[in-house]
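Results of the structural survey
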Amino acid sequence: MDFILIPIIIFGLIILISSFFIVKQQTAAVIERFGRFQSIRHSGLQLKIPLVDRIAGKLSLKIQQLDVIIETKTLDDVFVRLKVSVQYKVIRDKVYDAFYKLDYPHDQITSYVFDVVRAEVPKMKLDDVFVKKDDIAIAVKAELNDAMSDYGYDIIKTLVTDIDPDAQVKEAMNRINASEREKIAAQFEGDAQRILIVEKAKAEAESKRLQGQGIADQRREIARGLEESVEVLNRVGINSQEASALIVVTQHYDTLQSLGEETNSNLILLPNAPQAGSNMLNDMVASFTASNQIGEAMKNADKNKNKENE
């Protein structure tokens, strides 16, 4: 008799233990009774009728991510591969719809992503795809939300995480970018050279101005010195013509002396004969005298003409 009770007791314990089950956090369990939906159980220790109720399935309520890779063509006929990441989760209050209405949610989401991306990207050029990738993601999210909410899924966010054009296109884009950078570098170098030339010209102009000012001051001082020399010679009885001629001859010999001090100079001052000084002096005195006579004659002629007119 005891041998018959032991299997019954063990079987009863197994049935009793199997009536309890645990549902993990952020998980929903779907209970069916004789193949028909009975209830949804959430996290914690749960109880079901043995041999009558069964766990049909469990759904995670956590945020999940699905990566979809799509190849399509842009407006400028460039083939590009896009990676769209869709973050979604099962709505807690719509576990029934998520479990019974949709068998393969990943395939459904992928189909909508393909449809939206291949409708939006062909309207854009390749550069616009990079710039407006957020617009593509927003369009995908809006379409998925409208379609998947009826099946108990909430689309949290969609991201265009990668844009990969054809290898030849990328190489061409890199060449264009490199050319643009070289062009900008050449422009900067040209601007720098232009600035150097302008600044150098300004410096040379300033140098010439200061040099001219120095020469003018030098000549002014020379003229003042000559004037003082003429006045000194006039005091000792030498007239202005002779004094001017004497000063010029003196400067001539001073120049010869300064040239003689330069050992590496190849300059030859003509005339340089021994009698050149006396000849120069006589010639200059004669020319100054003739100039004064001509000047006096012209003044007298002007006076006579004025008298005749009166």
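Everything numeric in this text was worked out from a predicted model, so none of it was measured.

Next up on the list: the pattern of salt bridges. The final tally for this structure, using the stated rule, is 7 salt bridges. Here Glu-32 ties to Arg-54 by a salt bridge, and the two come within 3.0 Å at their closest N and O atoms. Placement of the pair is Glu-32 in strand E2 (residues 27-33) and Arg-54 in strand E5 (residues 53-60), with a sequence separation of 22 residues. Here Glu-32 falls in the buried class, since its relative accessible area comes to 7%. On the basis of relative accessibility, which here comes to 45%, the residue Arg-54 falls in the partly exposed class. Residue Asp-77 is joined to Lys-73 by a salt bridge in which the shortest nitrogen-to-oxygen separation is 3.5 Å. Exposure remark for Lys-73: the relative accessible area of 36% places this residue in the partly exposed category.

Let us now look at helix H5 (residues 133-148). Helix length check: H5, at 16 residues, gives a terminal C-alpha distance of 22 Å against a target of 22 Å (1.5 Å per residue), a fit within 8%. Every buried residue of H5 is listed here: Ile-136, Ala-137, Val-140, Leu-144, Ala-147 and Met-148. Angular distribution of buried residues about the axis of H5 spans 100°; they occupy a single face of the element. For H5, the exposed residues set more than 90 degrees away from the buried face come down to Ile-138 and Asp-146. Contact partners of the buried residues in H5: strand E7 (79-90), helix H3 (105-120), helix H4 (126-131) and strand E8 (153-165).

Right, let's get into the sheet that holds E2. Strands belonging to one sheet form pairs held by backbone hydrogen bonds; the direction of such a pair is parallel or antiparallel. The strand order E3-E2-E5 describes an open sheet built from 3 strands, whose pairing is antiparallel. The two strands at the open ends of the sheet, each matched to only one other strand, are strand E3 (36-41) and E5. Across the sheet, the mean angle from the axis of one strand to that of its neighbour is 25°, orientation sign disregarded. Relative to E3, E2 is paired through 5 bridges, and the arrangement is antiparallel. When the sheet's bridge partners are listed, Ile-31 is paired in E3 with Ser-39.

One pass over the structure, following the stated rule, counts 5 aromatic pairs. Measuring from ring centre to ring centre gives 4.9 Å for Phe-99 and Tyr-100, while their planes differ by 80°; the resulting arrangement is edge-to-face. What makes Phe-99 partly exposed here is its relative accessible area of 24%.

As a further point, take H3. With 16 residues, H3 extends 23 Å between its outermost C-alpha atoms, agreeing within 8% with the 22 Å of an ideal straight helix rising 1.5 Å per residue. Residues of H3 that are buried: Pro-105, Ile-109, Val-113, Val-116 and Val-117. Axial view of H3: buried residues confined to an arc of 95°, hence all on one face. Elements in contact with the buried residues of H3: strand E6 (64-73), E7, H5 and E8.

Right, let's talk about a negative patch on the surface for a bit. Where like charges cluster on the molecular surface, the negative patch consists of Asp-115, Glu-143, Asp-146 and Asp-150. In this fold, Glu-143 is placed in helix H5. By relative accessible area, Glu-143 is classed as partly exposed at 33%.

Moving on, we come to unusual backbone geometry. The phi dihedral of Gln-26 falls on the positive side, at around 55°, and the residue is not glycine. With respect to the helices, strands and loops of the structure, Gln-26 is situated in the loop between strand E1 (20-23) and E2. On the basis of relative accessibility, which here comes to 33%, the residue Gln-26 falls in the partly exposed class. Unusually for a residue other than glycine, Phe-34 sits at a positive phi of about 55°.

The element E2 is extensively covered by neighbouring structure, given that 6 of its 7 residues are classed as buried. As paired strands, E2 and E5 are joined by 7 bridges and run antiparallel to one another. Within the sheet, the bridge partner assigned to Ala-28 lies in E5 and is Leu-59. Remark: 2 residues form the turn of the hairpin made by E2 and E3, two consecutive strands paired antiparallel; Phe-34 in that turn has positive phi of roughly 55°.

Our next topic: the packing of H3 against H5. The relative placement of two packed helices is expressed as an angle between their axes plus a distance between the axes. Closest axis-to-axis distance for the H3/H5 pair is 9 Å, and the angle between their directions is 140°. Between H3 and H5, the angle falls in the class oblique. Remark: the crossing between H3 and H5 carries right-handed chirality. Judged by residue contacts, Gln-108, Ile-109, Tyr-112, Val-113, Val-116, Val-117 and Glu-120 of H3 engage Ile-136, Ala-139, Val-140, Glu-143, Leu-144, Ala-147 and Met-148 from H5. When its residues are assigned to classes, the contact of H3 with H5 shows 11 nonpolar, 1 polar and 2 charged.

Each value, and the rule that gives it
By convention here, each chain's residues receive numbers from 1 onward along its written sequence. Only residues with pLDDT of 70 or above have their local features reported here, since the model is predicted, and side-chain atom pairs are shown and tallied only from 80 upward, although totals for entire chains, interfaces and linings are computed over all residues. To get the side-chain values, all heavy atoms of the structure are used, and hydrogens and water are removed first. The term salt bridge refers to a pairing of a side-chain nitrogen on Lys or Arg with a carboxyl oxygen on Asp or Glu at a separation within 4 Å. Only DSSP runs of H or I with at least four residues qualify as helices, and only runs of E with at least two residues qualify as strands; both kinds are numbered from the N terminus onward. Accessible area is worked out with a 1.4 Å probe on protein chains only. A residue is then buried under 20% of its type maximum, exposed over 50%, and partly exposed in between. Any helix carries an expected span of 1.5 Å times its number of residues minus one. The directions from the helix axis to the C-beta atoms are what the arc is built from. Residue contacts are counted whenever heavy atoms from the two residues lie within 4.5 Å of one another. One requirement defines pairing of two strands: DSSP has to find at least two bridges between them. Between the N-to-C directions of two axes lies an angle of 0 to 180 degrees, each axis being a line fitted to C-alpha atoms and, for a helix, fitted only over the stretch in contact. A pair of Phe, Tyr and Trp rings is counted when the ring centres sit within 6.5 Å of each other, with Trp represented by its six-membered ring. The angle between the planes then sorts it: under 30 degrees is stacked, over 60 is edge-to-face, the rest tilted. The patches reported here contain residues having more than 30% relative accessible area and no salt bridge. Joining distances are 9 Å for like charges and 5 Å for nonpolar side chains (Val, Leu, Ile, Met, Phe, Trp, Tyr). All accessible areas in this document rest on Shrake-Rupley with a 1.4 Å probe, and a residue is counted as covered only by the protein chains that are shown. The charge count includes Lys and Arg as positive and Asp and Glu as negative, but it does not include His or the ends of the chains. Here the site of a charge means atom NZ of a Lys, CZ of an Arg, CG of an Asp or CD of a Glu. Orientation labels follow simple angle bins: below 35 degrees gives roughly parallel, above 145 gives roughly antiparallel, 65 to 115 gives roughly perpendicular, and whatever is left gives oblique. By the definition used in this description, the sense in which the near helix is turned from the far one sets the handedness, with an anticlockwise turn below a right angle giving left-handed and a clockwise turn giving right-handed. Under the convention adopted here, Pro, Cys and the residues Ala, Val, Leu, Ile, Met, Phe, Trp and Tyr are nonpolar, Asp, Glu, Lys and Arg are charged, and Gly plus all remaining residues are polar.

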